[in-house]
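This is what each chain is made of:
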Amino acid sequence: MTDIGVRALRRGVRRRADRIGAATPPDRDRAVDALRAVAVFGVVLGHWLVTALVSDGRTLRTASPLQHMPWLAPISWLFQTLAVFFLVGGHVATRGYASARARGVPYHQWLTGRLTRLFTPVAAVLGLWTVAALALLLSGTEFGTVRTLVKLALAPLWFLLVFAGLTAATPLLTRLNPLWPLAVVLHVDLLRFGLGGPSWLGWVNVAAGWMVPYTLGAAWTRGELERRRAGWTLLGAGAAATAALVGWAGYPAAMVGVPGGGMSNLDPPSLAVVTFGLAQCGLALLLRERLRHTTRRPLAWAAVALVNLSAMTVFLWHQTALMATTATGLLAGRLPGLHTPPDGLGWVGARLLWLPVFALALAVCWAAFRSFERNSGGRGRRSRVVRSHRPSDRGTAAKARHV
């Protein structure tokens, strides 16, 4: 591309960014959208870095570099960002519900609108993978391989089910103190690990564990987390508790599930991943002002806005992008970082080189399926990214504008 072409491209990008900025209400809290974008980016990149599909003859199986190199556990600390997603989700849902009540919108109508936006993009994923699974089985693909692929593709749906349940319970959770669900997680882990209770008790933590950051989002809406002291308290207490649980109570250092591991912090959620989430939420709260300042720049805000416009599409299809790349690569044989066991730093270096290819495959999925998310709010509705939600002040929840 010539210098003239490069300059023309830059001008076009700047004009587009300026138009997005002009379409954004001046009172919108851009830090909320930035935190959601960071959470989505963390989940996607984390999965791409710690999920390997190893080719053993005709079978593909899942593996993780954390199996062979447990000292890489800090990677999971950086990219396991689900707590931030639930924090933002709880904040946005409670503000939206307060706004709906102030405008006389009934609960069922508010809930239907939110769940429609949440689940409409799912139809495309379920439809494609139903057809793909049947086609693979009919073509003679090993059942174990098909099960592995389908499990990976549909794994993000567990998050949506939990998130939908918490969204439906928003009226009950609006004023719930996060210490209550935290206490439930603590007692469940004491029963199952300390007193030899049944392992199925851990599934209580699927709701209680993610309710902790969700109700922190509600506290944010109530204006109880505006002081920086709240962020520092959550960050310090959460980090100290997590370090104690990992160092002295035997919890795994990895904050994601590791195939073949004896215990998972995430499946179901453990006390350690919940306290780690508290630290993440504290850091997120401390970064709000910096994010508000950064997103005043047109290009930065345009990137954040575009991620938010397609957050569900990116979240639902990023594993499919990884698997599509892996399947296509098999045509060229077993490729390092793509089909080989993740048992050394050589694999890590090769996997880093594959990240742009995964991103390209995800871009193809985004182009093909973004219309499901774009149309999930109904015809004629403006994007939520250009609707405003002001930074919380105590006592103003009932005055919040629609989010």
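Anything mentioned here points back to the structure above.
What you see is a predicted model; the values in this text were computed from it and never measured.

Participant: So what exactly am I meant to see when it comes to the overall build of the chain here?
Facilitator: Along the chain, the regular secondary structure elements total 17 helices and two strands. At 22 Å, the chain has a C-alpha radius of gyration in line with the 22 Å of a compact globule built from 403 residues. Summarising its shape, the C-alpha atoms of the chain cover approximately 70 × 60 × 40 Å along the three principal directions. Taking all 403 residues of the chain together, the buried fraction comes to 49%.

Participant: Got a minute to help me understand the side chain of Asp-189 in this structure?
Facilitator: Looking at where Asp-189 falls in the secondary structure, it is placed in helix H10 (residues 179-194). Overall, Asp-189 belongs to the buried group, its relative accessible area being 3%. Those residues in contact with Asp-189 that sit more than four places away from it in its chain are Gly-194, Asn-205, Tyr-251, Ser-270 and Leu-271.

Participant: Teacher, can you tell me more about the pattern of salt bridges here?
Facilitator: Side chains bearing opposite charge may pair, as long as their charged atoms lie close to each other. In total, this model carries seven salt bridges according to the counting rule given. Residue Asp-29 pairs with Arg-292 through a salt bridge whose shortest N-O separation is 2.8 Å. One end of the pair, Asp-29, is in the loop between helix H1 (3-22) and helix H2 (30-50); the other, Arg-292, is in helix H14 (residues 288-294), and 263 residues separate them in sequence. Classification of Asp-29 as buried rests on a relative accessible area of 1%. Owing to a relative accessible area of 12%, Arg-292 belongs among the buried residues under this scheme. One salt bridge connects Glu-289 with Arg-292, and the closest N-O pair in it is separated by 2.5 Å. Within this pair, Glu-289 and its partner Arg-292 are both found in helix H14, separated by three residues, close to a single helical turn. We classify Glu-289 as partly exposed; its relative accessible area is 49%. A single salt-bridge network, built from bridges that share partners, covers Arg-28, Asp-33 and Arg-36.

Participant: How should I be thinking about the packing of aromatic side chains in this particular structure?
Facilitator: The geometry of two aromatic rings is summed up by the distance between their centres and the angle between their planes. Applying the stated criterion across every chain, the model contains 18 aromatic pairs. With a centroid separation of 6.2 Å and 35° between ring planes, the pair formed by Tyr-107 and Trp-110 is classed as tilted. Here Tyr-107 and its partner Trp-110 are both found in helix H6 (residues 107-138), three residues apart, which amounts to about one turn of the helix. Among the residues examined, Tyr-107 registers a relative accessible area of 34% and is labelled partly exposed. Between the aromatic rings of Phe-193 and Tyr-251, the centroid separation amounts to 5.8 Å while the plane-to-plane angle is 90°, which identifies the pairing as edge-to-face. A residue pair is termed long-range when its members are at least 10 positions apart, and Phe-193 in helix H10 and Tyr-251 in the loop between helix H12 (228-248) and helix H13 (271-286) qualify at 58 residues.

Participant: Can you help me understand the packing of helix H16 (residues 311-329) against helix H17 (residues 345-374) in this one?
Facilitator: Geometrically, a packed helix pair is captured by the angle between its two axes and the distance between the axes. At a minimum axis separation of 7 Å, H16 and H17 run at an interaxial angle of 130°. On the basis of the axis angle, H16 is oblique to H17. The hand of the H16/H17 crossing is right-handed. Listed contacts from H17 to Ala-311, Met-312, Thr-313, Val-314, Trp-317, His-318, Ala-321, Leu-322 and Thr-325 of H16 are Arg-351, Trp-354, Val-357, Phe-358, Ala-361, Leu-362, Cys-365, Trp-366, Phe-369, Arg-370 and Glu-373. Residue classes in the contact of H16 with H17 are distributed as 14 nonpolar, three polar and three charged.

Participant: Sorry if this is basic, but what is going on with the pairing of strand E1 (residues 52-56) here?
Facilitator: Each regular strand shows side chains that alternate between the opposite faces of the sheet. The buried count for E1 comes to four of five residues, which makes it a mostly enclosed element. As judged from the five bridges shared by E1 and strand E2 (residues 59-63), these two strands associate in the antiparallel manner. When the bridges of E2 are listed, Val-54 appears paired with Arg-61.

Participant: What exactly am I supposed to notice about H12 here?
Facilitator: Because each turn of an α-helix spans 3.6 residues, side chains separated by three or four positions end up pointing in the same direction. Here H12 is 21 residues long and its end C-alpha atoms lie 30 Å apart, about the 30 Å a rise of 1.5 Å per residue gives. Those residues of H12 that are buried are in contact with helix H11 (204-221) and H13.

Participant: Where do I start with the packing of helix H8 (residues 156-168) against H11 in this structure?
Facilitator: Direction vectors running N to C along H8 and H11 enclose 65°, while the axes themselves pass 10 Å from each other. As judged from the angle between their axes, H8 and H11 are roughly perpendicular. As H8 packs across H11, the resulting crossing turns out to be right-handed. Contacts from Trp-158, Val-162, Phe-163, Leu-166 and Thr-167 in H8 reach Val-206, Ala-207, Trp-210, Met-211 and Tyr-214 in H11. A per-class count over the contact of H8 with H11 returns nine nonpolar, one polar and no charged.

The rules behind the values
Residues numbered from 1 in each chain as written. Predicted model: local features only at pLDDT ≥ 70, side-chain atom pairs only at ≥ 80, totals over all residues. Heavy atoms only, no water. Helix = DSSP H or I, 4+ residues; strand = E, 2+ residues; numbered from the N terminus. Rg over C-alpha atoms; globule rule 2.2 N^0.38 Å. Buried < 20%, exposed > 50% of the residue type's maximum accessible area, 1.4 Å probe, protein only. Contact = heavy atoms within 4.5 Å. Salt bridge = Lys/Arg side-chain N within 4 Å of Asp/Glu carboxyl O. Phe/Tyr/Trp six-rings, centres within 6.5 Å; stacked < 30°, edge-to-face > 60°. Axes fitted to C-alpha atoms, helices over the stretch in contact; angles between N-to-C directions. Parallel < 35°, antiparallel > 145°, perpendicular 65-115°, else oblique. Left-handed = near helix turned anticlockwise from the far one by under 90°. Nonpolar A, V, L, I, M, F, W, Y, C, P; charged D, E, K, R; others polar. Pairing = 2+ DSSP bridges. Expected span 1.5 Å × (residues − 1).

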